[in-house]
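Analysis of the macromolecular model
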Amino acid sequence: MKRKLFFKLLMTMICGMILPGLMAIQAGAFEIITKEDIVQKTVMIEDFIKTADNFIVLMDTSQSMNHRWAKDSTKSKLEVAKEILVDGERALPDLGYNAALYEFSPTEALYPMGPLDKEKYAQAINGVKADAEGNTFLPRALRDLEPVLQGASGKTVVFVFTDGTFSEIGPGLKDPGDMTTELAAKYDVCFYVIGDGTSTRAQKRLEDMARSNECSRLIPFAKFVDNPQYNSGALYVVKTRPELQTLTTMKTAGAKGDNILFDFGSAALGMEYHAELDKVAEYLQSNPNSYAVLAGYTDSVGSEEYNLGLSRRRAESAAAYLTNNANVDEDRIVLQWFGELNPVAGNDTSEGRRMNRRVEVAVGIQ
């Protein structure tokens, strides 16, 4: 319990670095945040900004979700998924979202699409089946999703907790990956697919769903558990403003580094940033409980879909250096990408656009 409370406080103090876009890091070099840095200094106060108007959770409650989520765990995938939802609901700021929660085995609306009432939504999470049972009706759940998307206004994020298997058979039955791609083409929606395939075919199905468009992605179950900022990054980012405060001393909270800048239209990592990333890797290797967050951004030139893809490739480029050149395990790297969202400078000048073509680098401690 003390460890959890400490981590929550820690995350509050460094959220400007750990959540995507929270702080435009302008430090001159890689900097470890220690208790001396935190006492009596200017801190960044959070202003939450929505990145989506609606969110929908599709929870697989079929029998296959009874499997343990990790080899050394006694908890099932369903139990841990419910814990993720509980923690996410508690941390979610009240920004006027519309929300829905469905379990599918078969589809049942536990919280039909409507304005988010956090108390009632928490009750709906508690209503998710305690024990996973029955067949998996993933295609049916995606068919049932379309009328909900038709009635939604603005951007919608759909969190799909599933292992990629389903029980439905029959002529003309579409694969879930094709269904999500069609939905992404018709509606302003991003799919966050959380799970691990129980077979090669099931894993490919999850990957196909995550390729529906540039804002969709696949997050392995364990990685989502270890890095809850995936949830927040989908729904909001944080603008920060300075305020002088005197704070109590803390242990090391994490680290921050220079923003990595990119040429126009490019995701190629400049050699001048190798030393900066080497310092990040050195910190990670010296702190086994730490992890890196790499958040990619672009300037305002180009379409939203193009810029989302470009910002993703930029984050991947920085991650590739850490894994290939500095031997950092990819499970300790959280990738986020947001296109032109949350600029650190004006896009009306060439210098401002140069500053916005970036990957923000931060390190946190679990």
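Residues numbered from 1 in each chain as written. Predicted model: local features only at pLDDT ≥ 70, side-chain atom pairs only at ≥ 80, totals over all residues. Heavy atoms only, no water.

What about the state of the cysteines?
Taken as a whole, this structure holds one disulfide when the rule is applied. Each disulfide pairs two cysteine sulfurs, and for C190 the partner residue is C215, the sulfurs being separated by 2.0 Å. In this structure, the disulfide formed by C190 and C215 twists by about -105° around the S-S bond and is classed as left-handed. Of this pair, C190 sits in strand β7 (residues 189–194) while C215 sits in the loop between α7 (200–210) and β8 (217–219), and the two are 25 residues apart along the sequence. Residue C215 is classed as buried on the basis of its relative accessible area of 7%. (Disulfide = S-S within 2.5 Å. Helix = DSSP H or I, 4+ residues; strand = E, 2+ residues; numbered from the N terminus. Buried < 20%, exposed > 50% of the residue type's maximum accessible area, 1.4 Å probe, protein only.)

Some points on the packing of helix α6 (residues 176–186) against α7
Viewed as axis vectors pointing N to C, α6 and α7 meet at an angle of 5°, and their least axial separation amounts to 8 Å. Between α6 and α7, the interaxial angle falls into the category roughly parallel. Across the interface between the two elements, P176, G177, T180 and T181 of α6 pack against R205, D208 and M209 of α7. Split by residue class, the contact of α6 with α7 holds two nonpolar, three polar and two charged. (Axes fitted to C-alpha atoms, helices over the stretch in contact; angles between N-to-C directions. Parallel < 35°, antiparallel > 145°, perpendicular 65-115°, else oblique. Contact = heavy atoms within 4.5 Å. Nonpolar A, V, L, I, M, F, W, Y, C, P; charged D, E, K, R; others polar.)

Considering the packing of aromatic side chains
In the structure shown here, the tally under the stated rule is eight aromatic pairs. Aromatic side chains F161 and F224 sit 6.1 Å apart centroid to centroid with 80° between the ring planes, which places their arrangement in the edge-to-face category. Of this pair, F161 sits in strand β6 (residues 156–161) while F224 sits in helix α8 (residues 221–226), placing them 63 residues apart in sequence. Summarising the burial analysis for this pair, F161 and F224 share the class buried. Plain terms: the ring middles of Y297 and F338 are 5.7 Å apart, the flat faces sit at 25° to each other, and that makes the pair stacked. Taken together, the residues Y297 in the loop between β12 (290–296) and α11 (304–325) and F338 in the loop between β13 (333–337) and α12 (350–356) connect sequence positions 41 residues apart. By relative accessible area, which is 0% here, Y297 ends up buried. A relative accessible area of 9% means that F338 is categorised as buried. Each residue in the set F55, Y97, Y111 and Y121 is aromatic and connected to the rest through ring pairs, giving one cluster. Here the guanidinium or amino end of R217 rests over the ring plane of W337, the centre of that ring lying 3.7 Å away. (Phe/Tyr/Trp six-rings, centres within 6.5 Å; stacked < 30°, edge-to-face > 60°. Lys NZ or Arg CZ within 6 Å of the ring centre and 35° of its normal.)

Considerations on unusual backbone geometry
Here the bond from S105 into P106 is cis, since omega is 0°, no more than 30 degrees from zero. Looking at where P106 falls in the secondary structure, it is placed in the loop between β4 (98–104) and β5 (107–115). With phi around 60°, N327 is a residue other than glycine that occupies positive phi space. By the secondary structure assignment, N327 is in the loop between α11 and β13. With a phi angle near 60°, N342 is a residue other than glycine that sits in the positive phi range. Of note, N342 is situated in the loop between β13 and α12.

Describing the sheet that holds strand β3 (residues 54–60)
With respect to topology, six strands assemble into an open sheet ordered β5-β4-β3-β6-β7-β8, the strand pairing being mixed. The sheet terminates laterally at β5 and β8, the two strands that pair on one side only. Across the sheet, the mean angle from the axis of one strand to that of its neighbour is 15°, orientation sign disregarded. Sheet topology places β3 next to β4; seven bridges connect them, and they run parallel. Bridge assignment links I56 to a residue of β4, and that residue is A100. (Pairing = 2+ DSSP bridges.)

No statement about biological role is implied by the geometric values presented.
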